[in-house]
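Remarks on the overall topology
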Amino acid sequence: MVLNYIWIAFFVIAFFVALVRLVFWGDFDVFPAMMDSTFSSSKTAFEISLGLTGVLSLWLGVMKIGERGGVVNVLARLLSPLFVKLFPDIPKGHPVTGSIFMNIAANMLGLDNAATPLGLKAMEQLQEINPKKDTASNPMIMFLVLNTSGLTLIPVSILVYRAQMGAAQPTDIFIPILLATFFSTIMGVLITSIYQRINLFNRVIILALGGACLLVSGIIWGFSQLDGETMNRVSTTSANILLMLIIIAFILAGVFKKVNVYDAFIEGAKDGFSTAVRIIPYLVAILVGIGVFRASGAMDYLIDGIRSGIELTGMNSDFVGALPTALMKPLSGSGARGMMVDAMTTYGADSFIGRLSCVFQGSTDTTFYILAVYFGSVGIRHTRHAVACGLLADLAGIIAAIFICYLFFS
C-alpha cells in the first residue's frame, strides 16, 4: 500500500512541477523529456531483468547443490541461536536461515550480482512459511531491512569509480563507508525490532552485535595498516577468493553427500529464468516512476529547497551538494551511481562533496528497488512496515555519513 502511494506521488508531483515549468517559464522540453524517460526507464528495467537471468540461474543452481549437499542446513543450525531471536517466526533449523546468511555475506563482500539471486531464493523460502501470501511477514521485513541497510565490508565498485575519476587516494573513503553502513545496519535492526516487539536485551543478540562490532573494528584496524594500492588489491582478491570458495565448498559438499551435482545445478538454474520474468513488471513500475520524477526537475527543486532551509538556520550546507546521491540511493542504484559520478565530475573526486557522495553511495542500499524486486518475486502486495523501517535505516546511514565525513574530511 505504501509503495502504491509513493508511486502515485512520483507521477502527480512530476506532472505539476512540469506544468509550472511550461506555463510560467515556457519550458517546452520538459514534457518530452518526461515521456522519453518513461521509455528509457522501461527499457532499463527490462535490460536489468534480462541481465539477471544468467546470474540468477548460476546462483540458484549453486544454492540447490548447497541444499542437496547439506551446507545450507549446517549454516541454519549454526545461526539458529541468533536467528531464533531476530526471526522468531522462522521454524528452528529451517533452511532459509542458511540462505539469509549467504545473502548477507554476499552483500558484505560487495558481491551485488551474487547477493540478488541468493536474496530471491531466501525470499521464496520465507514465502513458503508465510501464512498470508500477499502480505509481508515479520521475517521478510527484517530480512529486507538487513538488505536495504546495505552492510558492506568491501566497497570495491566505489573504489574503482574513484580511481577512474582521478582521486589521489581512492581508498580514503573505505573506513568512512564501513562506519556509516555499519551504523545504518545496526539502526535498521533496532528499528525493525521495535516495530516487531523483538526483545534485544538477551545474551545471544548482545554477544552477536558485540562480536560484530569487534569484527568491524578489527577489519578497520587491519586495512588502516595498508597503503592504498595494497588495500585495493587485498580487498578485491579477498572478495573473489571467498566467492570461489563458496562455490567449491558447495560442490564438494554435494560430492561428499553423493549428490549428482550437475543435475542439482540444472534443477536450481531452471528457476532463474522464471524468477527474472516475474520481476519485470515490478521493476518497470518503480524505475518509470523515478525516471519521470527526475526528468520533471522535481529532484533539483527538492535539493535547492533543502539547501536554502539549512542556510537559513545558519548551519554549514557544504554537504547539500552530495544529497542527490543520498536521496536517489533508496530509489535507484544506477541513478545514485550517476549522481555520485556527477558530483565527483563537478566538484572533484577529492572534494568534500565528491567524497561524501561516495560514502552516501556505500552507506545504504536501494530500498525501493529491493522492495520491488524481492517482494515482487513472490507476489507480496502489502508491505506493512517494511518501507518505514528501510527508510529509517537509510536516514540513519545518511546522517552517520554526514557526521563521519565532517570528521574525516572537513
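This text gives an overview of the structure that appears in the document.

Conventions and cut-offs
Residues numbered from 1 in each chain as written. Predicted model: local features only at pLDDT ≥ 70, side-chain atom pairs only at ≥ 80, totals over all residues. Heavy atoms only, no water. Axes fitted to C-alpha atoms, helices over the stretch in contact; angles between N-to-C directions. Helix = DSSP H or I, 4+ residues; strand = E, 2+ residues; numbered from the N terminus. Parallel < 35°, antiparallel > 145°, perpendicular 65-115°, else oblique. Left-handed = near helix turned anticlockwise from the far one by under 90°. Contact = heavy atoms within 4.5 Å. Nonpolar A, V, L, I, M, F, W, Y, C, P; charged D, E, K, R; others polar. Buried < 20%, exposed > 50% of the residue type's maximum accessible area, 1.4 Å probe, protein only. Polar contact = N/O pair within 3.5 Å; in protein donor to acceptor, adjacent residues only side chain to side chain. Salt bridge = Lys/Arg side-chain N within 4 Å of Asp/Glu carboxyl O.

Here the focus is the packing of helix α6 (residues 138-148) against helix α16 (residues 367-377). Packed helices, taken two at a time, are described by the angle their axes make and the gap between the axes. At a minimum axis separation of 10 Å, α6 and α16 run at an interaxial angle of 140°. When the interaxial angle is binned, α6 and α16 end up oblique. Considering the relative orientation of α6 and α16, their crossing is right-handed. Counted together, M140, F143, L144, N147 and T148 of α6 and T367, I370, L371, Y374 and F375 of α16 form the full contact between these two elements. Here the residues of the contact of α6 with α16 are counted per class, giving seven nonpolar, three polar and no charged.

Before going further, it helps to examine the side chain of T366. Within the element layout of this structure, T366 appears in the loop between α15 (352-363) and α16. For T366, a relative accessible area of 5% puts it in the buried group. Reaching out from T366, the side chain makes a polar contact with the side chain of D365 at a distance of 3.3 Å. For T366, the residues in contact, after removing those within four places along its chain, are K329, P330, S332 and G333.

Attention now goes to the pattern of salt bridges. Note that side chains of opposite charge can pair when their charged atoms are close. All told, the structure shown has five salt bridges when counted by the stated rule. For the salt bridge of R68 with E267, the shortest nitrogen-to-oxygen distance reads 2.3 Å. With R68 in helix α2 (residues 30-69) and E267 in helix α11 (residues 261-295), this pair connects stretches of sequence that are 199 residues apart.

This next bit is on the packing of helix α8 (residues 174-196) against helix α17 (residues 386-409). Contact geometry for α8 and α17: axes closest at 8 Å, N-to-C directions at 150°. Looking at the two axes, α8 sits roughly antiparallel to α17. Helix-helix and strand crossings are classified by hand; for α8 and α17 the assignment is right-handed. Here α8 contributes I175, P176, L179, A180, F183, S184, M187, G188, I191, T192 and Y195 to the contact with α17, which in turn contributes A388, C389, L392, A393, D394, A396, G397, A400, A401, I404, F408 and F409. The residue inventory of the contact of α8 with α17, partitioned by class, reads 18 nonpolar, four polar and one charged.

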